[in-house]
Structures are given as C-alpha cells and as structure tokens.
Amino acid sequence: QVQLVESGGGLVQAGGSLRLSCAASGRTFSRYRMGWFRQAPGTEREIVAFINWSSGNTYYADSVKGRFTISRDNAKNTVYLQMNSLKPEDTAVYYCARDGRGLGAGLRPYEYGYWGQGTQVTVSS
C-alpha cells in the first residue's frame, strides 16, 4: 500500500504564495511520476503539474506555467508544489497522486493509482 499525505494548503490573498507538500509512505518503489491535480467545485479534476521521479523532468499546465514549481526530495519521499502569484482562479482542492507505471502521458487522473486526501487552497481577491 502507498499512503500520500498532503499539507500546506490555506487561505491567501491574490498575489501571495503557498507551498504544498506531499509525503509518501509505504511501498514507495515502482514510482514513475508524481502529480499534482486540482478540482474546483463543479469542475473536473485537472492536472496542475507532474514530475518524473527518476529523471526529474516536469510538466506544467499552461494555466500555472511560470508561477508554480514542482520539485521532489528523494530522501524524504516528498514532492512539493511551490505556488507563487496566486490568483482567485487557483482556488481548489489540490491532490497529489502517484503513477507507478508511466504508461500514458500523465495528464489524466485515471493514470494515477494512489491519491492523497486533498488540501484546500483558497485565494481571495
């Protein structure tokens, strides 16, 4: 089993910053990529960013490119999402997820087998 625990969400004013953390425990091997998704009320869960665990290659959604940075700490089995210049439209529940096989492009929720419980990010205008 794999457990993913997110932390770092909260309420911030527009233009502010937050850093989300996702700590993985359990069977942390066989891990191809780690992703951050978000879901606002009434919308589908969407990819924000992912990082390939071994290579460190990253992907960002166009909506966050240049503002968010995903990173990992191999020793701590933790992935981070640094979010700067936050906008009200970034308000959502943010989830981290693990893709253990890497068979797809990493953009869809169904490609990820393990999920955290989510952390709320609210950006006020």
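Up top is the structure.
Just so we're clear, the structure is a prediction, and the values are computed from it rather than from any experiment.

A. Representation of the pattern of salt bridges in the model. Per the stated rule, a full pass over the model turns up five salt bridges. Salt-bridge contacts for R33 lead to D99; the nearest nitrogen and oxygen are separated by 2.7 Å. Residue R33 is found in strand β4 (residues 33–39), and its partner D99 is found in strand β9 (residues 92–99); the two are separated by 66 residues along the sequence. The burial state of R33 is the same as that of D99; both residues are buried. For R67, the salt bridge goes to D90, with nearest N and O atoms at 2.7 Å. Of the two residues, R67 is situated in the loop between β6 (58–60) and β7 (68–73) and D90 in the loop between β8 (78–83) and β9; the sequence distance between them amounts to 23 residues. A single burial state applies to R67 and to D90, both of which are buried. A single salt-bridge network, built from bridges that share partners, covers R38, E46, R67 and D90.

B. Seen up close, the nonpolar core. Of all hydrophobic cores here, the largest spans 27 residues; its most connected members are W36, L81, M83 and Y94. When contributions to this core are tallied by element, the ones reaching two or more residues are β1 (2–7), β3 (18–26), β4, β5 (46–52), β7, β8, β9 and β11 (119–124). In terms of residue count, β3 provides more of this core than any other element does, four residues in total.

C. Quick look at the pairing of β8. A large share of β8 lies buried, amounting to five of its six residues. Direction of pairing for β3 relative to β8: antiparallel, over a ladder of six bridges. If you follow S21 over to β8, its bridge partner there is Y80. Across six bridges, the pairing between β7 and β8 is antiparallel. Across the sheet, the residue bridging to F68 is M83, located in β8. Connecting β7 to the next strand, β8, in antiparallel fashion are four residues, including N77 with a positive phi near 50°.

D. Expanded view of the side chain of D99. Owing to a relative accessible area of 2%, D99 belongs among the buried residues under this scheme. Among the polar contacts made by the side chain of D99, one reaches the main-chain amide nitrogen of R101 at a distance of 3.0 Å. Here the side chain of D99 touches G102 through a polar contact of 2.9 Å, landing on its backbone nitrogen. When near neighbours in sequence (up to four residues on either side) are disregarded, D99 contacts R31, Y32, R33, E111 and Y112.

Criteria and thresholds
Residues numbered from 1 in each chain as written. Predicted model: local features only at pLDDT ≥ 70, side-chain atom pairs only at ≥ 80, totals over all residues. Heavy atoms only, no water. Salt bridge = Lys/Arg side-chain N within 4 Å of Asp/Glu carboxyl O. Helix = DSSP H or I, 4+ residues; strand = E, 2+ residues; numbered from the N terminus. Buried < 20%, exposed > 50% of the residue type's maximum accessible area, 1.4 Å probe, protein only. Core = buried A, V, L, I, M, F, W, Y, C linked by side-chain atoms within 4.5 Å. Pairing = 2+ DSSP bridges. Polar contact = N/O pair within 3.5 Å; in protein donor to acceptor, adjacent residues only side chain to side chain. Contact = heavy atoms within 4.5 Å.

From the geometry alone we can't say anything about function, so treat these as descriptive.
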